[in-house]
Amino acid sequence: MSCWFRVNSFGGASANAILVSAESSGGFGAVLHTNENAGSPKIRIILSSNNSSFDITAGTLGTTTLSLNTWYKVRLVYDALAGTYRVYLSNNGGAEVQEISISSSAKICVINKIRLGRAAT
């Protein structure tokens, strides 16, 4: 999954904004979103393999603090050989950097909807 995004304002302490998600009807699967994180906004990922909880990760934060009015490209990749989910971030079309790495051989649960952008809390 990947998408480009630009943020004009963040929603305040602990606010989330979903960038892109691949979800089951119950709302589980793979979700990439921004997280305000006490004034230091970052990319965050949640992943589910069992369709009842976020068992792979309930929320892993990236390392880059996001800036306002900047274009970013975020990309989630699953490397089956290494058994690793990786999230990459590119700032204004620059070189991608690996933001997140999660070791897991579990695949995300069956999905039936894909969303691009959504407000969340």
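Computed from a predicted model, the values in this text were never measured in an experiment. (Residues numbered from 1 in each chain as written. Predicted model: local features only at pLDDT ≥ 70, side-chain atom pairs only at ≥ 80, totals over all residues. Heavy atoms only, no water.)

Novice: So what exactly am I meant to see when it comes to the pattern of salt bridges here?
Specialist: A pair can form between side chains of opposite charge whenever their charged atoms are brought close. This structure, assessed with the given rule, holds 3 salt bridges. Across the salt bridge formed by E23 and R115, the nearest N and O atoms sit 3.6 Å from each other. Of this pair, E23 sits in strand β2 (residues 16-23) while R115 sits in strand β9 (residues 113-120); the two residues are 92 residues apart in sequence, bridging distant segments of the chain. Residue class for R115 comes out partly exposed when judged on its relative accessible area of 28%. For R75, the salt bridge goes to E96, with nearest N and O atoms at 2.6 Å. One end of the pair, R75, is in strand β6 (residues 71-79); the other, E96, is in the loop between β7 (84-91) and β8 (97-103), with 21 residues separating them in the sequence. Here R75 falls in the partly exposed class, since its relative accessible area comes to 26%. Exposure remark for E96: the relative accessible area of 33% places this residue in the partly exposed category. (Salt bridge = Lys/Arg side-chain N within 4 Å of Asp/Glu carboxyl O. Helix = DSSP H or I, 4+ residues; strand = E, 2+ residues; numbered from the N terminus. Buried < 20%, exposed > 50% of the residue type's maximum accessible area, 1.4 Å probe, protein only.)

Novice: How should the side chain of S48 be read in this particular structure?
Specialist: In this fold, S48 is placed in the loop between β4 (42-47) and β5 (57-61). Among the polar contacts listed, one links the side chain of S48 to the backbone nitrogen of N51, at a separation of 3.2 Å. Apart from residues no more than four positions distant in its own chain, S48 is found in contact with F28, G29, S53, F54, D55, I56, K107, I108 and C109. (Polar contact = N/O pair within 3.5 Å; in protein donor to acceptor, adjacent residues only side chain to side chain. Contact = heavy atoms within 4.5 Å.)

Novice: In this structure, what is going on with the environment of V77? I would like to understand it.
Specialist: The residue V77 is located in strand β6 in this model. Judged by relative accessible area, which is 27%, V77 ranks as partly exposed. When the C-alpha positions of V77 and S103 are compared, they lie 12 Å apart, and in sequence the two are 26 residues distant. Setting aside anything within four residues of it in sequence, one finds V77 in contact with T84, Y85, R86 and Y88.

Novice: Sorry if this is basic, but what is going on with unusual backbone geometry here?
Specialist: Where the residue is not glycine, phi is negative for most of them; where a peptide bond is considered, it is trans in most cases. Even without a glycine there, the phi angle at N51 is positive, about 65 degrees. Position of N51 relative to the elements: it lies in the loop between β4 and β5. Looking at N51, the relative accessible area reads 36%, which means it is partly exposed. At N69, a position not held by glycine, the phi torsion is positive, near 55 degrees. With respect to the secondary-structure elements, N69 resides in the loop between β5 and β6.

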